[in-house]
Amino acid sequence: PDSEKWFVYYNTPVKILRLLKQLVFQQNNMGKFWSKEELDFIVQKYNAFGEMVVQPDSFPYAHYRMDYLIRKGN
């Protein structure tokens, strides 16, 4: 999931309350929402290459997700 789209996914009080309940019980079903900057930092740290890949709007979860392609460095 894309951290910039957190409120696109958690867009109702019910979803936010469900998230809070999951966090209390340490069961976050969605996992971590990543930012491009975090992923860029990781690839730099490990001498790899990374780039965001835009998902087509026709993909079912494109409204709150991003793809980030990581390739091994030389």
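Refer to the preceding data block for the structure.
Residues numbered from 1 in each chain as written. Predicted model: local features only at pLDDT ≥ 70, side-chain atom pairs only at ≥ 80, totals over all residues. Heavy atoms only, no water.

A. The arrangement of the overall build of the chain in detail. Tallying secondary structure elements over the chain gives 3 helices and 2 strands in all. Counting from the amino terminus, helix and strand elements in the chain follow one another as α-α-α-β-β. Here the chain, with 74 residues, has 23% of them falling under the buried criterion. If you take every contact in the chain between residues at least 6 apart in sequence, the share linking residues at least 24 apart comes to 49%. For the chain, the distance from the average position of its 10 positive side-chain charges to the average position of its 8 negative side-chain charges is 8 Å. (Helix = DSSP H or I, 4+ residues; strand = E, 2+ residues; numbered from the N terminus. Buried < 20%, exposed > 50% of the residue type's maximum accessible area, 1.4 Å probe, protein only. Contact = heavy atoms within 4.5 Å. Lys, Arg positive; Asp, Glu negative; His and termini not counted. Charge placed at Lys NZ, Arg CZ, Asp CG, Glu CD.)

B. Summary view of the side chain of D2. Structurally, the position occupied by D2 is in the segment before α1 (6–9). Despite its burial, D2 pairs with no opposite charge, the nearest such side chain being K5 at 4.2 Å. Here the side chain of D2 touches E4 through a polar contact of 2.9 Å, landing on its backbone nitrogen. Beyond its immediate sequence surroundings of up to four residues, D2 is in contact with F33, W34, Y64, R65 and M66. (Salt bridge = Lys/Arg side-chain N within 4 Å of Asp/Glu carboxyl O. Polar contact = N/O pair within 3.5 Å; in protein donor to acceptor, adjacent residues only side chain to side chain.)

C. Main features of a nonpolar patch on the surface. A contiguous nonpolar surface patch, about 430 Å² in accessible area, is contributed by W34, F41, I42 and Y46. Inspection of the secondary structure puts W34 in the loop between α2 (13–24) and α3 (36–45). (Patch = residues over 30% accessible without salt bridge, like charges linked within 9 Å, V, L, I, M, F, W, Y side chains within 5 Å. Areas by Shrake-Rupley, 256 points an atom, 1.4 Å probe, with all protein chains shown as cover.)

D. Up close: unusual backbone geometry. Unusually for a residue other than glycine, Q26 sits at a positive phi of about 50 degrees. Examined against the element boundaries, Q26 turns out to sit in the loop between α2 and α3. Backbone geometry places N47, a non-glycine residue, at a positive phi of 55 degrees. Along the chain, N47 falls in the loop between α3 and β1 (49–53).

E. Local environment of the nonpolar core. Counting 6 residues, the largest nonpolar core is built from Y9, Y10, L19, M30, F33 and Y64. Those residues within four positions of Y64 in sequence are excluded, and the remaining contacts are P1, D2, K5, Y9 and M30. (Core = buried A, V, L, I, M, F, W, Y, C linked by side-chain atoms within 4.5 Å.)

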